[in-house]
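One letter stands for each residue in the lines below.
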Number of protein chains: 2
Amino acid sequence: MDMPGLSSDVLERFAAIVGPANVLRSAEDIAPRLVENRGLYRGASPMILKPGSTREVADILQLATETRTPIVPQTGNTGLVGGQVPRESGTDLILSLERMNRILDVDPVANVLAAEGGAILAEVQHAAESVQRLFPLSLGSEGSCRIGGNLSTNAGGTAVLAYGNMRQLCLGLEVVLPTGEIWDGMRRLKKDNTGYDLRDLFIGAEGTLGIITGAVLKLFPQPVGRQVALAGLTSPADALRLFEKASNLCGTSLTGFELMPRLGVEFTTRHIEGVRDPLSEPHPWYALIDISTSDSAETAETMVHALLEWGLETGLVRDAVIANSVAQQTALWHMRESMSDAQKPEGGSIKHDVSVPVSSIPRFMEAADAAVMGAVPGARICAFGHLGDGNIHYNISQPVGADKAAFLARWREVNEIVYGIVLSMNGSISAEHGIGQLKRDELARIRPTIEIDLMRRIKRVFDPANIMNPGKVIAID
Amino acid sequence: MDMPGLSSDVLERFAAIVGPANVLRSAEDIAPRLVENRGLYRGASPMILKPGSTREVADILQLATETRTPIVPQTGNTGLVGGQVPRESGTDLILSLERMNRILDVDPVANVLAAEGGAILAEVQHAAESVQRLFPLSLGSEGSCRIGGNLSTNAGGTAVLAYGNMRQLCLGLEVVLPTGEIWDGMRRLKKDNTGYDLRDLFIGAEGTLGIITGAVLKLFPQPVGRQVALAGLTSPADALRLFEKASNLCGTSLTGFELMPRLGVEFTTRHIEGVRDPLSEPHPWYALIDISTSDSAETAETMVHALLEWGLETGLVRDAVIANSVAQQTALWHMRESMSDAQKPEGGSIKHDVSVPVSSIPRFMEAADAAVMGAVPGARICAFGHLGDGNIHYNISQPVGADKAAFLARWREVNEIVYGIVLSMNGSISAEHGIGQLKRDELARIRPTIEIDLMRRIKRVFDPANIMNPGKVIAID
C-alpha cells in the first residue's frame with residue numbers, strides 16, 4: 001500500500017473543489033463527526049468536505065484516487081457499527097452529503113420520489129405525505145438520518161414486514177465511483193432486466209464501493225385504516241403463535257409486529273418521559289401490533305378485533321389494549337422506539353442485532369438466555385424487536401450494581417456466546433445495522449472463504465486505490 | 001483468448017464426471033436443446049451434460065475453467081433472448097440441470113421453500129399449495145421452466161404487481177462459480193445486512209457469473225378471496241386511469257392489471273381453442289383485473305364491484321364482466337396468456353419487451369404506434385401486457401398478405417424505432433426477458449460506458465477464463 005498523501009498541498013486541492021465556505025478544518029467543527037452515537041468508535045480527520053453537487057463529489061473522489069487519500073462518506077452519522085466514523089489514523093477525509101439534501105421531484109401518479117443522497121428521511125416522508133402518498137421507511141433516527149446512508153446500510157426499521165427494507169424501496173440510484181466516474185442509474189422502472197444488478201450491489205455496501213448521490217424511491221398509497229394494539233403475553237412462543245394468526249388474518253395489512261419484554265417496559269416507564277404501562281397488570285412479554293388497510297378503516301378494525309378476540313379466547317393473550325386515538329398509537333410506538341435509549345441509565349449494555357428464521361425465535365431466546373445468564377449471572381436481558389422479520393435486538397444490561405467497565409470488557413466474550421447460537425440456527429450476526437468496523441473481523445471469521453473473497457474481488461475492481469471508506473465491511477490487504 | 005479445448009480427450013473427462021448414462025452425444029438427442037422457442041437462435045454443441053449434484057456441477061466448471069471450455073447452462077429452454085442457446089461455433093457444452101429437480105423442503109410456518117435449480121416452476125407452486133401456501137411466480141411456461149432459469153433471468157410474469165419478480169421472491173441461493181468453487185448462500189432470513197449483496201448479482205445474470213444450483217424461496221398465505229374481471233375500454237389512457245383507481249381502492253390486493261388490444265382478442269378467439277370474447281360488443285382496449293384478498297372473500301367482491309361501478313358511472317368502462325367461477329377466471333387469463341401464441345398464425349411478428357414509467361404508457365403507445373405505422377404501413381400492432389408494471393409486450397404482426405421474410409428482415413429497423421421512443425422516456429429495452437444474445441449489442445450501445453465497464457469488471461473477476469455462458473449479456477474481449 002502507498003502511504004496516504006495528506007500533505008497540506010493535497011488538502012488545499014480538496015478544499016478548492018468545494019470552496020472555502022464548505023470546508024471544516026477546526027478541531028471544534030470536526031469533533032462531532034468523529035464519534036458515533038454509542039461512543040464505541042472515535043476517529044480522527046483533518047478535514048470535512050461538503051460538496052454541493054454530484055460533479056464536486058466526482059472531483060473529490062477522482063483526486064482521492066489520484067492521491068490515494070481515504071474518503072469516509074457521512075450522512076446523518078446515526079449508524080451503529082462505526083461505518084461512518086473515520087479511522088483513528090487521522091488519514092481519512094470526511095465527505096458530508098449534508099448540502100445535497102434536496103427532494104428533486106415527487107410524482108404521485110407514478111408513485112416515485114427522487115432525492116439527493118443527503119435528503120433527510122423525515123423530509124422525504126413529508127414530501128410523500130404532501131401528495132397523499134406514503135414513503136414507508138421509518139426509524140427512530142428519521143429526523144436526522146439521510147437517504148444516502150439509509151441506502152448504503154440497507155436500513156430496515158419498523159415497517160419492513162409489509163414494505164420491505166430500503167433495498168425493496170429503491171428503483172434507481174446515482175453513484176459516484178471511487179475513480180470519480182458517475183453512474184447514472186436514476187431509473188424509475190418497476191421492471192428492467194438489463195444486465196447485472198449494480199443497484200443492489202451499492203445498496204448495503206456501506207459506502208465502500210462508491211457514494212450514493214441520488215435515488216429514486218417508491219411511494220405507496222396512504223393507508224386509510226390503521227389500528228395499533230398492545231397485547232400482554234406469557235412467552236416468545238406465544239408471541240410467535242399470535243404472529244402466525246395475525247399474518248393469516250391480515251396478510252399484507254400486517255405492517256408491524258414487535259416483541260418487547262417486561263424488563264423493557266419497566267426501563268421505558270422508569271426513564272423515558274411520557275411513557276406509561278398501558279395494561280393494568282404486568283406481563284412477561286408484549287406484542288405491539290400494527291395493522292394498516294388500504295380499502296377501508298373498518299377492515300383494520302375488524303382485523304384487530306378478530307385477532308385479539310381469538311387471542312383472549314384461546315388464552316394466548318392475557319390482556320390487550322387497542323389505541324383509540326392517533327396520540328395513543330404514537331405513545332405505544334414511542335415505548336417500543338425508546339427501548340434502546342431506556343437502557344442507558346441502567347448502566348452498560350452489550351448489544352446484538354441478530355436475525356434467525358422467524359419460526360426459530362423462541363428456541364433462540366431460550367438458548368441465548370440460558371447461555372448468557374450462565375456466563376454473566378444477574379445480567380438483565382432486554383431482547384426486543386421485529387419478531388415478524390425474525391430480527392431481535394438482543395441487548396443485555398449489566399447486573400444491578402456491577403462495575404460498568406468490567407461488564408463492557410466482556411463484550412466480545414458475550415458476542416461469541418450469542419453469535420454461536422445465532423449461527424447454529426443459520427441466523428445473521430447483523431440483521432439491519434450492517435458490518436462497519438464493529439463486525440468486520442467477525443464476518444470474515446464466520447463466512448466461507450469464497451464469500452469474503454468474492455467481496456474483495458468486487459471491492460478491488462470498483463476501488464482500485466482502496467480509498468472508499470477503507471477498513472469497513474471487509475479488510476483489503 | 002486461448003482456443004477452446006474440445007479435443008475428444010477433454011470431452012471424455014467431462015463425460016466421466018456425470019457418468020455415461022447422463023451424457024447426450026447423438027445429434028438427435030442434442031438437437032432440441034440447440035434451438036429456442038421462437039427459432040431466432042440455433043446453436044451447435046457436441047455434448048449435453050446432466051449432473052446429478054452440486055458437486056458434479058462444481059467438477060464440470062472446474063474442468064471447464066482449466067481447459068477453457070465454454071459452458072452454457074440450460075434449464076427449461078424457455079428463454080426468449082437466446083441466453084440458453086449455445087453459440088453457432090459448436091464449442092459450447094450444454095449443462096442441463098434437469099436431474100437436479102428436487103423440492104428440498106417446504107416450511108409453512110417460516111413461509112419458505114427450498115429447491116434445487118432444476119425444479120420445475122409448476123412443481124414448486126404445487127408443493128406450496130400442498131401446505132396451503134402460495135408461491136406467486138406465474139408464467140405461461142410454468143409447466144416446463146425451472147427455478148434456476150427463473151432466477152437467472154429474474155422472471156416476472158403476471159403477479160409482479162403484488163408480489164414482485166423473482167428477485168423479490170428469493171431469500172437465498174447456492175451457486176457454483178465458474179472456477180468450480182461453491183457459494184453456499186442458502187439463507188432463510190428476511191433481514192441480513194452482512195456485506196455485499198452477492199445474491200442479487202447472480203439473480204438476473206443469465207448464467208454468466210455462475211450456475212444457480214439451489215434456492216430458498218418465499219411463500220405467502222393463500223388468498224381467501226379472488227375476483228377476476230374484464231373491462232372494455234376506449235384507450236390506454238383510460239386503462240391507466242382505471243389502474244390508478246384500482247390501486248387506490250385495492251392497495252396490495254390488486255394482484256394483476258393487464259392491458260389487451262382488440263386485435264389481440266381477435267387473434268386469440270380466431271386461433272386459440274376454447275377462447276371466446278366474453279363481452280357482447282367489441283371494444284378498442286381491454287383491462288384484465290385480478291384482485292386477491294387475504295382477510296375474506298367478501299372484501300375482493302366489494303372491491304371489484306366498487307371499481308367497475310365507478311368505471312361504468314364515469315363512462316371510463318364501456319362494458320365489463322366478472323368471472324363467476326374458477327373456470328371463468330382461468331378462461332380470462334387463458335386469453336391473455338395465449339396472446340403471443342395467437343400471433344403465430346398471423347405471419348411474422350417483430351417483438352419488444354419494454355417498460356416505461358407507468359404513467360408514460362399512453363404517451364409511449366401513441367408515439368410508437370405512429371412511428372411504426374409510418375415505417376410499415378399496414379402493420380398490425382398487438383401491444384399487450386403488464387400495464388401495472390409499466391411493462392408492454394409491444395408486438396407487431398406483419399401486414400395482411402405481406403411477405404413474411406421481407407417483414408422480418410426489418411426487425412432491427414423496427415427495433416430502433418421502438419427503442420428510440422422507449423429510451424426517450426427513460427424506459428427499458430428489456431423489462432423481463434433479459435439480454436441474452438438478442439439485445440447484447442443494443443445494451444452496450446445505449447448504456448453509459450461506465451455501466452458496461454462495471455459489468456465487464458465483475459464478469460472478469462468472477463469468471464477469469466470466460467467460460468460461463470460466454471457471448472451472452474456482455475461481450476468480453
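Residues numbered from 1 in each chain as written. Chains lettered and ligands numbered in written order. Predicted model: local features only at pLDDT ≥ 70, side-chain atom pairs only at ≥ 80, totals over all residues. Heavy atoms only, no water.

Enquirer: Looking at this structure, I do not really get the overall build of chain A. What am I missing?
Expert: Each helix and strand in chain A was counted, giving 16 helices and 19 strands. Across the 477 residues of chain A, 61% fall into the buried class. If you take every contact in chain A between residues at least 6 apart in sequence, the share linking residues at least 24 apart comes to 73%. With an accessible surface of roughly 16,700 Å², chain A has 50% of that area assigned to carbon and sulfur atoms. The centroid of the 44 positive side-chain charges in chain A is displaced by 3 Å from the centroid of its 56 negative side-chain charges. (Helix = DSSP H or I, 4+ residues; strand = E, 2+ residues; numbered from the N terminus. Buried < 20%, exposed > 50% of the residue type's maximum accessible area, 1.4 Å probe, protein only. Contact = heavy atoms within 4.5 Å. Areas by Shrake-Rupley, 256 points an atom, 1.4 Å probe, with all protein chains shown as cover. Lys, Arg positive; Asp, Glu negative; His and termini not counted. Charge placed at Lys NZ, Arg CZ, Asp CG, Glu CD.)

Enquirer: How do you make sense of unusual backbone geometry when you look at a structure like this?
Expert: Most peptide bonds take the trans form, and the phi angle of most residues other than glycine is negative. The backbone of Asn469(A) sits at a positive phi, close to 45°, despite the residue not being glycine. Mapped onto the fold, Asn469(A) is located in the segment after helix 16 (449-462). The phi dihedral of Glu206(B) falls on the positive side, at around 55°, and the residue is not glycine. Topologically, Glu206(B) is positioned in the loop between helix 7 (198-202) and strand 10 (211-218).

Enquirer: Sorry if this is basic, but what is going on with the packing of helix 12 (residues 361-375) of chain A against helix 14 (residues 411-424) of chain A here?
Expert: What describes two packed helices is the angle between their axes and the distance between those same axes. All names here are of chain A. Look at helix 12 against helix 14: their axes get within 10 Å of each other, and the N-to-C directions meet at 155°. Judged by the inter-axis angle, helix 12 sits roughly antiparallel to helix 14. Considering how the two elements wind past one another, helix 12 and helix 14 form a crossing that is right-handed. Taking contact as the criterion, the partners of Phe364, Ala367, Ala368, Ala371, Val372 and Ala375 in helix 12 are, on helix 14, Glu413, Ile417, Val418, Ile421 and Val422. Taken together, the residues of the contact of helix 12 with helix 14 sort by class into ten nonpolar, no polar and one charged. (Axes fitted to C-alpha atoms, helices over the stretch in contact; angles between N-to-C directions. Parallel < 35°, antiparallel > 145°, perpendicular 65-115°, else oblique. Left-handed = near helix turned anticlockwise from the far one by under 90°. Nonpolar A, V, L, I, M, F, W, Y, C, P; charged D, E, K, R; others polar.)

Enquirer: I would appreciate a short explanation of the interface of chain A and chain B in the present structure.
Expert: How big an interface is tends to be stated in terms of the accessible area lost upon association of its parts. Taken residue by residue, the interface counts 76 residues in chain A and 76 residues in chain B. Considering only the side of chain A, the residues that lose the most area to chain B are Lys191(A), Asn193(A) and Tyr196(A), jointly responsible for 17% of the buried surface there. For the pair chain A and chain B, the interface holds twelve salt bridges. Residue Arg187(B) pairs with Glu451(A) through a salt bridge whose shortest N-O separation is 2.6 Å. At the boundary of chain A and chain B, one finds 35 residue pairs in polar contact (both at pLDDT 80 or more). (Buried area = accessible area lost by both parts, 1.4 Å probe. Salt bridge = Lys/Arg side-chain N within 4 Å of Asp/Glu carboxyl O. Polar contact = N/O pair within 3.5 Å; in protein donor to acceptor, adjacent residues only side chain to side chain.)

Enquirer: How do you make sense of the UniProt feature "domain: FAD-binding PCMH-type" (unreviewed entry) in chain A when you look at a structure like this?
Expert: In this numbering, the UniProt entry assigns the feature "domain: FAD-binding PCMH-type" (unreviewed entry) to residues 41-222 of chain A. Secondary structure over residues 41-222 of chain A splits into 21% helix and 24% strand, and the C-alpha atoms at its two ends are 39 Å apart. (UniProt positions renumbered as here; feature names shortened; annotations may be inferred.)

Enquirer: Explanation requested: the pattern of salt bridges in the structure shown.
Expert: Oppositely charged side chains are able to pair whenever their charged atoms sit close together. Residue and element names in this part refer to chain A. Counted according to the given criterion, the structure contains 62 salt bridges over all chains. The closest approach of N and O atoms between Asp277 and Arg262, which form a salt bridge, is 2.8 Å. Taken as a pair, Asp277 in the loop between helix 9 (262-271) and strand 14 (285-293) and Arg262 in helix 9 lie far apart in primary sequence, 15 residues in all. By relative accessible area, Asp277 is classed as buried at 19%.

Enquirer: Which parts of the structure should I look at to understand the packing of helix 8 (residues 236-250) of chain A against helix 10 (residues 297-314) of chain A?
Expert: Residues and elements named next belong to chain A. Axis separation between helix 8 and helix 10 bottoms out at 10 Å; the angle between their running directions is 145°. Considering how the two elements wind past one another, helix 8 and helix 10 form a crossing that is right-handed. Together, Arg241, Leu242, Lys245, Ala246, Leu249 and Cys250 of helix 8 and Met303, Ala306, Leu307 and Trp310 of helix 10 make up the contact between the two elements. Of the residues in the contact of helix 8 with helix 10, the class split is eight nonpolar, no polar and two charged.

Enquirer: Even after reading the chapter, I still don't get the pairing of strand 19 (residues 391-397) of chain B, so can you show me in this structure?
Expert: Regular strands place their side chains on alternate faces of the sheet. Residue and element names in this part refer to chain B. For strand 19, the tally of buried residues reaches seven of seven residues, placing the bulk of the element in the interior. Where burial is concerned, the two faces of strand 19 agree: the one with Asn391, His393, Asn395 and Ser397 and the one with Ile392, Tyr394 and Ile396 are both buried. With two bridges joining them, strand 16 (residues 349-350) and strand 19 adopt antiparallel strand pairing. Across the sheet, the residue bridging to Ile350 is Ile396, located in strand 19. In this sheet, strand 19 lies alongside strand 18 (residues 380-386) in antiparallel orientation, the contact comprising seven bridges. Residue pairing in the sheet places Gly385 in a bridge with Ile392 of strand 19. Hairpin geometry of strand 18 and strand 19 is characterised by an intervening segment of four residues between the two adjacent antiparallel strands and by a positive phi of about 75° at Gly390. (Pairing = 2+ DSSP bridges.)

Enquirer: Sorry if this is basic, but what is going on with helix 16 (residues 449-462) of chain B here?
Expert: Three or four residues apart is the spacing at which side chains of an α-helix point the same way, because the helix has 3.6 residues per turn. Compared with an ideal rise of 1.5 Å per residue, which puts 14 residues at 20 Å, helix 16 of chain B spans 20 Å between its outermost C-alpha atoms and is within 8% of the ideal. Where burial is concerned, most of helix 16 of chain B is hidden: ten out of the 14 residues are buried. Taken as a whole, helix 16 of chain B has its buried residues at Ile450(B), Glu451(B), Ile452(B), Leu454(B), Met455(B), Arg457(B), Ile458(B), Lys459(B), Val461(B) and Phe462(B). On its buried face, helix 16 of chain B is in contact with strand 9 (182-185), helix 7 (198-202) and helix 16 of chain A together with helix 7 and helix 15 (440-446) of chain B. (Expected span 1.5 Å × (residues − 1).)

Enquirer: Before we go on, may I ask you to explain the environment of Met47(A) in this structure?
Expert: All names here are of chain A. As for its placement among the helices and strands, Met47 is situated in the loop between helix 2 (27-30) and strand 2 (48-49). For Met47, a relative accessible area of 1% translates into the label buried. Between the C-alpha atom of Met47 and that of Val23, which follows or precedes it by 24 residues, the distance is 6.9 Å.

Enquirer: When you look at the sheet that holds strand 5 (residues 103-107) of chain A in this model, what are you seeing that I'm missing?
Expert: Sheets are built from strands paired through backbone hydrogen bonds, the pairs being either parallel or antiparallel. Residues and elements named next belong to chain A. Spatial ordering of the open sheet is given by 5-6-10-8-9, a layout of five strands whose pairing is antiparallel. Since the sheet does not close on itself, it has two edges, and those belong to strand 5 and strand 9, each with one partner. Averaged over neighbouring strand pairs, the angle between their axes works out to 10° when direction is ignored. Looking at chain direction, strand 8 (residues 170-176) and strand 10 (residues 211-218) are connected through six bridges and run antiparallel.

Enquirer: Can you walk me through the domain arrangement of chain A in this structure?
Expert: Taken domain by domain, chain A consists of domain 1 (8-96) and domain 2 (347-433). Here the C-alpha centroids of domain 1 of chain A and domain 2 of chain A sit 34 Å apart. (Domains from an automatic or database assignment.)

Enquirer: Explain the relation of the copies chain A and chain B to me, please; I cannot follow it from the model alone.
Expert: Least-squares fitting of chain A to chain B yields an RMSD of 0.0 Å, with the transformation described by 0.0 Å of translation along the axis and a rotation of 180°. What the rotation and shift describe, once combined, is the action of a two-fold rotation axis. Comparing interface residues between copies, 100% of those in chain A also sit at the interface in chain B, which points to an isologous, same-surface contact. (Least-squares fit on C-alpha atoms with pLDDT ≥ 70 in both.)

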